[in-house]
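# Notes for the structure review
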Amino acid sequence: MNDFKASRFVAQFMKKHIGMSLVLAFAILGTSISSLLPSYTLKYLIDGFLEPAINGSVTITNGKIVGLSFLYFSTYLLVSLFTILQNYMIDVFGQKLIHELRYAMIEKSHRLTSSYFRRNGTGSMTSRVTDDVNSIEQLFAEGLVSLVVNLFKIIGILISVFIFSWVLGLILFAIIPVIYFITQAFRKNMLKNQLANRKILNEESNNLSETIDCNNTIKNLSKEGYREEEFKGLLNKGFKVMDKTGWFDSLYGPVIEILKAITISAVTLIVCYSQDTNSIIGLSIGTFAAAINLISNVFSPIQTIGQEIQTMQEGKSGIERVEKFMSEKEICLKEDSLKANDIINKKFPYLLEFKDLSFHYDDGQELIYDDMNLQVKKLEKICLIGRTGIGKTTLFRLILGILEPTKGQILFNGYDVTKIPDTEKRKIFGYVEQGFKAVPGSVMDQITLGDQSISLKEVRKAMSDSFLDDYVMKTIPNNYQAPFREEDFSQGQLQLLNLARATVLNPQLLLLDEISANLDSETEKEVIKALAKASNDRTVVSISHRLSDQLGFDKVIEVEKGKIISK
């Protein structure tokens, strides 16, 4: 979904939910038209009944008075019913729209390149999916629809006043641009401050996430005060920006009210003067009352538009940020037709092959790998060594297709790894990370990662091969269905859980990422024993030099400055 536009997304949404969109449009149109009825009814009652009754030319019975009162009440009742329908449809339409937008953003996050997450803090995406989308929801529910409704009201009032008196219509027509330019001046200042506030909110979110992530280090080094002062500085910046926004927001209402009082006073004087001089503006009492009512009412929708400017600007800044996020570069498309069994069973000279592999991150120019070539045969075991920071873990991410080469290819049985669907990868690659990263859920969920197709039997087989099945069955109440607690497992057992997670679907290629780096010698022996068993019928690529003797690698390959320098 590159070059994402919010307007296009809304148009597609309305086409998808055409029935809901038509009901909302009907409610908006009904609210706009019905809001004119009380003024027309007032003119009808005064000119047709009240003034003649005062002059004595018509007699009004009690029953007629009740009927006329009910007629006037009915116009407001109709306005209320349309308003209820409009507000309900805005809520339903808005919630559905935001739900689908959030889902589209989560789907987008799965297609983002890793460089996006390198460039943005941990709170950046959370801020977009929550804060920015919430501001878009407010823009729609409280801003955009309100703007359309009130514009219709203004147009209807303007036409009605022209029908009553073209002179009053011209006066009202001249006033509307004045109100518009006043509104524009406020809008410009509010937008500037709102965009600044959105930026500060994102910085606050990142600061808070980073503080939580580094909480132990901060406490160990007694740097709480430093983080507090930094966060307080961001809060103060945000307060100053919003203080300016609040000033413009509070000033706008009184300015419009003063302009409204001046307009009504001027119109009243003009009408009164024209009645004495027999001017062409002469109006009946009912028409005058209806015109004043309409002119008074025209300020209400304009003032509402002004009051919603802050919400609309906040939503606009949210749209800009969401559009930027949704237009971020994506990883290449997968070939959904590729299946793990077809890939695994293909006869090819090499199980894994690097062909002229070059790579650098999008946010840097330094090549991590430069025209690297390497072939790994089926069941071959190789160990990659080199100094810290040369990109050994990056190479695993390239093999898994998480990163894309700048140039060249990595092939598994002749298939480009970047084309393999994510749903098929666990059957092909088994990746054992440096540290165990738990997921919410049960002990079984730590192995299946929520994949309902993996049976308990398969989980127990993987755990047995990792020498953990007996421990779980005898030590943990409710066994595999028990909620996972990291404190129930030793450091070595957590690495064994990592191994079981990687091998549960019997992958052909096992990737070992410095898994013995943080283990003592006794714990390492348990892990080595399990790794030796897991490596028997698999191809293995490791970046742990300490394992070379225990696992009996066929090759030890040294990598330096993005190239293979020895085999």
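Note that this is a predicted model, so its numbers are computed, not measured.

## Observations regarding the nonpolar core
If you look at the biggest cluster of nonpolar residues, it comprises 36 residues, and the most contacted ones within it are Leu352, Phe354, Leu395, Ile399, Phe412 and Phe429. Looking at this core, the elements with two or more residues in it are helix H12 (340–345), strand E1 (352–359), strand E2 (369–376), strand E3 (381–385), helix H13 (392–399), strand E4 (407–412), strand E7 (509–512) and strand E9 (555–560). Not counting residues within four places of it along the chain, the set of residues in contact with Phe412 comprises Ile343, Leu351, Leu352, Val417, Ile428, Phe429, Gln508 and Leu509.

## What to know about the packing of aromatic side chains
This model, assessed by the stated rule, comprises ten aromatic pairs. A centroid spacing of 5.4 Å and a plane angle of 55° characterise the contact between Tyr40 and Phe164, whose relative ring orientation is tilted. Here Tyr40, found in helix H3 (residues 37–55), pairs with Phe164, found in helix H6 (residues 122–164); they are 124 residues apart in sequence, far enough to count as distant. Among the residues examined, Phe164 registers a relative accessible area of 13% and is labelled buried.

## Some points on a nonpolar patch on the surface
Among the surface-exposed residues, Leu29, Ile33, Tyr40, Val148, Phe152, Ile155, Ile159 and Ile163 lie close enough to one another that they form a single nonpolar patch of about 720 Å² accessible area. Mapped onto the elements, Phe152 comes out in helix H6. Judged by its relative accessible area of 38%, Phe152 is partly exposed.

## Quick look at helix H1 (residues 6–16)
For the α-helix, the turn length of 3.6 residues means that residues three or four positions removed from each other point alike. Here H1 has its buried residues at Ala6, Phe9 and Phe13. Mapping the buried residues of H1 onto a view down its axis gives an arc of 60°, with all of them on the same face. Turned more than 90 degrees off the buried face of H1, the exposed positions are Ser7, Gln12 and Lys15.

## Quick notes on the pattern of salt bridges
Should their charged atoms come close, side chains of opposite charge can pair. Going through the model one piece at a time under the given rule, you end up with eleven salt bridges. Salt-bridge contacts for Lys16 lead to Glu100; the nearest nitrogen and oxygen are separated by 3.5 Å. Taken together, the residues span a long stretch of sequence, with Lys16 in helix H1 and Glu100 in helix H4 (residues 62–111) at a distance of 84 residues. Taking the relative accessible area as the measure of exposure, Glu100 reaches 17% and is therefore buried.

## Examining the layout of surface pockets
What the largest pocket holds in volume is close to 1000 Å³. What lines the largest pocket is a set of 25 residues, among which Leu400, Ile402, Asp422, Lys425 and Tyr431 lie closest to the centre. Sorting the residues of the lining of the largest pocket by element identifies H4, helix H5 (114–119), helix H14 (422–425), strand E6 (429–432) and helix H18 (491–503) as the ones contributing at least two each. Taken together, the residues of the lining of the largest pocket sort by class into ten nonpolar, seven polar and eight charged. Counted as a void, the second largest pocket has a volume near 480 Å³. Elements represented by at least two residues in the lining of the second largest pocket include exactly H1, helix H2 (18–34), H4, H6 and helix H11 (309–326).

## Looking at the sheet that holds E4
Spatial strand order, E2-E1-E4-E5: four strands in an open sheet with antiparallel pairing. Either end of the sheet is taken by a strand with one partner, and the two such strands are E2 and strand E5 (415–416). Where E1 lies against E4, five bridges are found, and the strand directions are antiparallel. By the bridge assignment, Leu352 is partnered in E4 with Phe412. In the packing of H13 onto the sheet, contacts are made with E1, E2 and E4, and the angle to E1 comes to roughly 115°.

## Some remarks on the side chain of Asp513
Of note, Asp513 is situated in the loop between E7 and helix H19 (521–535). There is a polar contact of 2.7 Å between the side chain of Asp513 and the side chain of Tyr431. Discounting chain neighbours no more than four positions away, the residues touching Asp513 are Thr393, Phe396, Tyr431, Val432, Glu433, Gln434 and Ile543.

## Thoughts on unusual backbone geometry
Within the chain, Asp371 stands out as a residue other than glycine whose phi angle is a positive 50°. Along the chain, the position of Asp371 falls in strand E2. With a relative accessible area of 34%, Asp371 lands in the partly exposed category. Its identity as a non-glycine residue notwithstanding, Asn479 has a phi of 50°, on the positive side. With respect to the secondary-structure elements, Asn479 resides in the loop between helix H17 (469–475) and H18. Taking the relative accessible area as the measure of exposure, Asn479 reaches 23% and is therefore partly exposed.

Basis of the calculations
- Residues numbered from 1 in each chain as written.
- Predicted model: local features only at pLDDT ≥ 70, side-chain atom pairs only at ≥ 80, totals over all residues.
- Heavy atoms only, no water.
- Core = buried A, V, L, I, M, F, W, Y, C linked by side-chain atoms within 4.5 Å.
- Buried < 20%, exposed > 50% of the residue type's maximum accessible area, 1.4 Å probe, protein only.
- Helix = DSSP H or I, 4+ residues; strand = E, 2+ residues; numbered from the N terminus.
- Contact = heavy atoms within 4.5 Å.
- Phe/Tyr/Trp six-rings, centres within 6.5 Å; stacked < 30°, edge-to-face > 60°.
- Patch = residues over 30% accessible without salt bridge, like charges linked within 9 Å, V, L, I, M, F, W, Y side chains within 5 Å.
- Areas by Shrake-Rupley, 256 points an atom, 1.4 Å probe, with all protein chains shown as cover.
- Salt bridge = Lys/Arg side-chain N within 4 Å of Asp/Glu carboxyl O.
- Arc of directions from axis to C-beta.
- 1 Å grid on protein atoms, 1.4 Å probe; cavity = no way out; pocket = protein on both sides within 12 Å on 5 of 7 lines; lining within 4 Å.
- Points joined across faces, edges and corners; volume = space filled by probe spheres on them.
- Nonpolar A, V, L, I, M, F, W, Y, C, P; charged D, E, K, R; others polar.
- Pairing = 2+ DSSP bridges.
- Axes fitted to C-alpha atoms, helices over the stretch in contact; angles between N-to-C directions.
- Polar contact = N/O pair within 3.5 Å; in protein donor to acceptor, adjacent residues only side chain to side chain.

Any link to function would need more than the numbers given here.
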